[in-house]
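# Fold and contact review
Given next are the chains, with one letter for each unit.
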Amino acid sequence: MSKNPLGWNGKSLKEMLNESEELIEKTKRYYGIEKLSLKEKDPFRYERSYASLRGALVSARETALHVAASPIVKEIGELCFALYTPEGDSIVVSTGILVHVHTMSEAIKFMIREDYEDDPGINLGDIFLNNDPNCGNVHTTDVQTLIPIYWENELIGWAGGVTHQIDAGGITPGHDLVSAIQRFDDGIYYTCRKIGSNDKIWKDHMINAKRAVRTPMYWELDEKCRMAGNLMIRDAVLDFIKTEGIDYYKRFMREAIEEGRLIVLERVKERLIPGRYRAASFFDIAFKNEAWQPRAKIDKISNMPIEIVIGEEGGISLTFDGASGSGPNPMNCGKGAMEGGQWVLLTQILIYGDKVNDGAYFAVEKEYPLGTWCNPGDPYLSYQSPWGNLIPAYTGMMKSISYGLFSRGFREEVVPGYGFTGDAIQGGGFYSSGPLKGERWSLSTFEISGQGLGASAVRDGLNWGYAMWNPEADLGDVETWELFQGGIPYLARRVKPNSPGHGKYRGGANYEGIAMIAYSREVDFFGAKEGLCFHGSGGMHGGYPHGTGYRLYAKNTNMKEIIQQQADYPLGDPDPRNGQFEKYLKADITRKPYCSIYPIILENYDLVHFAMSGGPGYGDPLERKPERVEQDLNDGIYTKDIVYNVYGVVAEYDEVKEEWKLDESATKARQQELKNERREKSLPFGEYWEIERKKITEKKLGEAATRMYSESIALSTNWAREFKEFWKLPEDFQMEVK
Ligand code: MN
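Residues numbered from 1 in each chain as written. Predicted model: local features only at pLDDT ≥ 70, side-chain atom pairs only at ≥ 80, totals over all residues. Heavy atoms only, no water.

## What to know about the overall build of the protein chain
Definition in use: What counts as a helix is a DSSP run of H or I of at least four residues, what counts as a strand is a run of E of at least two, and both are numbered from the N terminus. Each radius of gyration is computed over the set of C-alpha atoms, and the globule rule expresses the reference value as 2.2 Å times the number of residues to the power 0.38. Using a 1.4 Å probe on the protein chains alone, a residue whose accessible area is under 20% of its type maximum counts as buried, one over 50% counts as exposed, and one in between counts as partly exposed. Only heavy atoms matter for contacts: two residues are in contact if any of them lie within 4.5 Å across the pair.
The helix and strand inventory of the protein chain stands at 21 helices and 24 strands. Computed over its C-alpha atoms, the radius of gyration of the protein chain comes to 26 Å, within 12% of the 27 Å expected for a compact globule of 738 residues. Principal axes of the C-alpha set define a box for the protein chain whose edges measure 80 × 65 × 55 Å. In the protein chain, which comprises 738 residues, the share counted as buried stands at 60%. Sequence separation of at least 24 residues holds for 75% of the intrachain contacts in the protein chain that already meet a minimum separation of 6.

Structure (structure tokens):
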């Protein structure tokens, strides 16, 4: 029992949280709300109330990011704010990086369960900081500031803001660290720490925080940004209560969340067909030759099977039963990451529009099996780059929901997946000359927030315009990225050919870039993305997955001479088999078939190439209109050889008009040839099954795949049984990595 209860009617926060959970459990409705009485009585007042609170949050966000914020926050809006009930359920959220709305909810619940109201106390004006992935965060890079809101002597809610940092003080510079394998590599951890009182951040905290990261100025700016937004939200809530009354506010918050839950159920009934949906997704972690740490030298594929059951009443339940294991890599996911990923996608493909809040969270049942990458149960592992698993894993949810949308006839809503928002390039160094000599620069081109979206069942995917974690996808300006990563100016940025997945409707296309190290010393460089296997669950109804990533860089180059002589230099890597790096440079050129690399050291005049992701395609490529393919050639989206091989399109380049021209009769003939080839090469399922089965029984699967299956078999009896049944394997079948 709390000594100084902060909750309503003399209750402690813990009592309020327990009561809320019991009511949900018992009634299956948020807080046991049976009737939206405020809405029924005066719908105009109710809707106006919601709109005014949402408006306050959006304006807090817009203002705060201009008051003070690091470039990464300011340029692409890597922040969001939310308003919570005393128990930590979100009522209303701002625009922005919606992945974080339920994450802060878990942090508030953590503080309540740990009796923070007794020790360290939750007083008016107190400030709490959290970035612990085991207490409702995604990774240490995302930093949350939470403040309580009081009306008289009762705690009536919380305001929370989150921003993504450029550096959190981890094992190497950067914000999604490839080389972190344990908690102690992840950078500074703030586990729901009190860092201020009376609306002031304590000086000792700020001194400590600024010494704990490599970009202290940005850290301080962003702390101020989050605090400014939170204070604006608190003021707005108090103004709201002055106008509408405290009793109205208390009832309103409950009804708004219950309405959020009901909206999901209604939308699901309207858009999907009840039943079981399944999809498989994968991600390669090829660290055998990359990792520094002996126990991290492992090649594996992450297995991310998802099963979604849509109930007749509109309920959604999902499970990752059969997922492969956690491990010594940074891609382990805590609950905050899993909830965040789910949240951001559901709000975009199913629950967009009206009340967006934790009602959606309560409408979805989920299972993250213990010991897997999505619930390791070990806070000492690294959670620094959960995105490696999270991003591919949830393409399965998108694809499953797309099957439902398609079946109901919402063909334009179908999205079979999205490009991998991999950290194209990361790292940092020091300026070796110029006015900033000795200062550190950090590399984080957040143009990764503009990837290719998957095609729908009626049109091509959006080009360079989607990020699964931030619906406000924006590439940002090269000039802004250059401003704070000055030691690595861009040499080129252009459309990367052949990035979109093929199909009747192709996936979204994307860019590639080349940058050069300049005026710097001690430059660390690394990157992460899928490379050896397709990320996510691929295309749909015959559409192809999009092109995978790879790594390309050049050391010891002759760029100094090239610049002096104003000679040609690489502007891209449109055809890796005839690379411009190889053509124009005298250098040590490295090409790796995988994309995730541990940090390397670069020197001035070294070049790095990076490519953003395309999106998966929809439908059979042979059904794509040849005129559309001709347009793709003219837009630089596909190359001649690829459209010949995949689409059966024959086109010639007209040197005078400088455009591609379709050869209609040659195209018809080539397409017939491809159809014949399909007929000749295709196998009956039984034969195909035999061939694939032999790979298992004769132990011919590669090490990475073997490790994946062995982990899934060990972690899930259901999955193991189904695997053995499907492949007709003996009961005692085991899969072991030699
Ligand atoms: Mn982040």
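From this point, the narrative continues.
## Things to note about the coordination of the manganese ion
As a benchmark, a tetrahedral metal site with four donors has ideal angles of 109.5 degrees, while an octahedral site with six donors has ideal angles of 90 or 180 degrees. Going by this rule: Atoms are scored as donors when they are N, O or S and lie within 2.8 Å of the metal, with 3.2 Å used for Na, K and Ca; no water is included, so coordination may look incomplete.
Taken together, the protein ligands of the manganese ion are H139 (NE2), D142 (OD) and H164 (ND1), with distances of 2.0 to 2.3 Å. Each donor residue of the manganese ion belongs to the same chain, and together they define the spacing H-x2-D-x21-H. The burial state of H139 is the same as that of D142; both residues are buried.

## Overview of helix α6 (residues 203–212)
Test applied: Summarising the geometry, the arc corresponds to the directions from the helix axis toward the C-beta atoms.
Along α6, the positions that sit buried rather than exposed are H205, M206, A209 and A212. Seen along its axis, α6 keeps its buried residues to an arc of 130°; they face one direction. More than 90 degrees from the buried face of α6, the exposed residues found are K203, D204 and R211. As for α6, its buried residues are in contact with β3 (127–130), β6 (193–197), β7 (200–201) and α7 (216–244).

## Brief notes about the packing of α7 against helix α8 (residues 246–271)
For clarity, the cut-off: A fitted line through C-alpha atoms represents every axis, and for helices the fit uses only the stretch in contact; the resulting angles, taken between N-to-C directions, go from 0 to 180 degrees. Basically, the charged four are Asp, Glu, Lys and Arg, the nonpolar ten are Ala, Val, Leu, Ile, Met, Phe, Trp, Tyr, Cys and Pro, and anything else, Gly included, counts as polar.
One way to put it is that α7 packs onto α8 with a least axis distance of 7 Å and a crossing angle of 115°. Each of V237, F240, I241 and E244 in α7 lies in contact with α8, whose residues at this interface are I246, Y248 and Y249. Grouping the amino acids of the contact of α7 with α8 by side-chain chemistry returns six nonpolar, no polar and one charged.

## A word on empty space enclosed by the protein
The test is simple: Using a grid of 1 Å spacing that covers the protein atoms alone, one calls a set of points a cavity when a 1.4 Å probe fits there but cannot get out, and a pocket when the set is open and has protein on both sides within 12 Å along at least five of seven lines; lining residues are those with an atom within 4 Å of a point. Grid points are joined across faces, edges and corners, and a volume is the space filled by probe spheres set on the points. For each domain, the first and last residues come from an automatic or database assignment.
Counted under the stated rule, the structure contains four cavities of 30 Å³ or more. For the largest cavity, the calculated volume is near 170 Å³. What lines the largest cavity is a set of 18 residues, among which D176, W387, I391, T421 and D423 lie closest to the centre. For the lining of the largest cavity, the leading source of residues is helix α11 (residues 387–393), giving three residues. In the lining of the largest cavity, the residues fall into ten nonpolar, five polar and three charged. If you count residues domain by domain, the lining of the largest cavity takes at least three from each of domain 1 (8–254) and domain 2 (415–623). Counted as a void, the second largest cavity has a volume near 60 Å³. As for the second largest cavity, its lining consists of E339, Q342, W343, L346, I351, A360, Y361, V364 and K366. Within the residue set of the lining of the second largest cavity, elements represented by two or more residues are α9 (335–349), α10 (359–363) and β13 (364–367). Considering only residue class, the lining of the second largest cavity consists of six nonpolar, one polar and two charged.

## Topic: unusual backbone geometry
The residue after D119, namely P120, is reached through a cis peptide bond having omega 10°. With respect to the helices, strands and loops of the structure, P120 is situated in the loop between α5 (101–113) and β3. In this structure, E152 is a non-glycine residue whose phi angle is positive, near 55°. In this structure, E152 sits in the loop between β4 (142–151) and β5 (154–164). In this structure E152 comes out as exposed when scored by relative accessible area, which is 68%. With a phi angle near 65°, N498 is a residue other than glycine that sits in the positive phi range. Structurally, the position occupied by N498 is in the loop between β16 (490–496) and β17 (510–516).

## Focus on the pairing of β6
Along a regular strand, successive side chains alternate from one face of the sheet to the other. The condition that has to hold: Paired strands, as defined in this entry, are two strands with at least two bridges between them according to DSSP.
Where β3 lies against β6, three bridges are found, and the strand directions are antiparallel. Looking across to β6, one finds that L129 is bridged to R193. By the bridge criterion, two bridges tie β6 to β7 in an arrangement that is antiparallel. The residue of β7 that forms the bridge with G196 is I201. Between β6 and β7, which pair antiparallel and follow one another directly, the connecting turn spans two residues, one of which, N198, has a positive phi of 50°.

## Remarks on the packing of aromatic side chains
Counted only if it meets this: Only Phe, Tyr and Trp rings take part, Trp by its six-membered ring, and two of them pair if their centres are within 6.5 Å. Stacked means planes under 30 degrees apart, edge-to-face means over 60, and tilted covers everything else.
Summed over all chains, the structure comprises 29 aromatic pairs. Here the aromatic rings of F287 and Y598 are separated by 5.4 Å at their centres, their planes lie at 85°, and the arrangement is edge-to-face. Taken together, the residues span a long stretch of sequence, with F287 in the loop between β9 (282–286) and β10 (299–303) and Y598 in strand β21 (residues 597–602) at a distance of 311 residues. When its relative accessible area of 2% is taken as the criterion, Y598 is described as buried. Ring geometry for F320 against W373: centres 5.5 Å apart, planes inclined by 70°, an arrangement best described as edge-to-face. One end of the pair, F320, is in the loop between β12 (316–319) and α9; the other, W373, is in the loop between β13 and α11, and 53 residues separate them in sequence.

## Some details on the layout of surface pockets
Estimated volume of the largest pocket: approximately 700 Å³. Looking at the largest pocket, it is lined by 28 residues, and the ones nearest its centre are I24, F362, A363, V364 and E365. Among the secondary structure elements, those contributing two or more residues to the lining of the largest pocket are α1 (13–27), α5, α8, β12, α9, α10 and β13. With five residues, the top contributor of residues to the lining of the largest pocket is α1. Residues belonging to the lining of the largest pocket are distributed by class as follows: nine nonpolar, five polar and 14 charged.

## Here we look at the nonpolar core
Cut-off, in case you're wondering: Here, nonpolar core means buried Ala, Val, Leu, Ile, Met, Phe, Trp, Tyr and Cys residues that are tied together by side-chain atoms lying within 4.5 Å of each other.
In this structure, L83, W158, Y249, F320, Y394, M468 and W469 are the most contacted members of the largest nonpolar core, which totals 167 residues. Broken down by element, this core gets its largest block of residues, eleven residues, from α8. A domain-level breakdown of this core finds at least three residues from each of domain 1 (8–254) and domain 2 (415–623). Excluding its chain neighbours within four sequence positions, the residues that come into contact with Y394 are F320, M338, G341, Q342, L345, Y368, Y418 and M468.

## Quick look at helix α18 (residues 664–681)
Applicable threshold: Expected helix span is computed as 1.5 Å times (number of residues minus one).
Helix length check: α18 (18 residues) gives 26 Å between terminal C-alpha atoms against 26 Å at 1.5 Å per residue, within 8%. Taken together, the buried positions of α18 are T667, R670, Q671 and L674. Axial view of α18: buried residues confined to an arc of 100°, hence all on one face. In α18, the exposed residues that point more than 90 degrees away from the buried face are S665, K668, R679 and E680.

## Structural notes on the sheet that holds strand β19 (residues 551–555)
The strand order β16-β17-β22-β19-β20 describes an open sheet built from five strands, whose pairing is antiparallel. A strand with exactly one partner marks an edge of an open sheet, and here the two such strands are β16 and β20 (588–592). For this sheet, the mean angle separating the axes of adjacent strands, direction not counted, is 15°. Direction of pairing for β19 relative to strand β22 (residues 607–611): antiparallel, over a ladder of three bridges. Within β22, the residue paired with Y553 across the bridge is V608.

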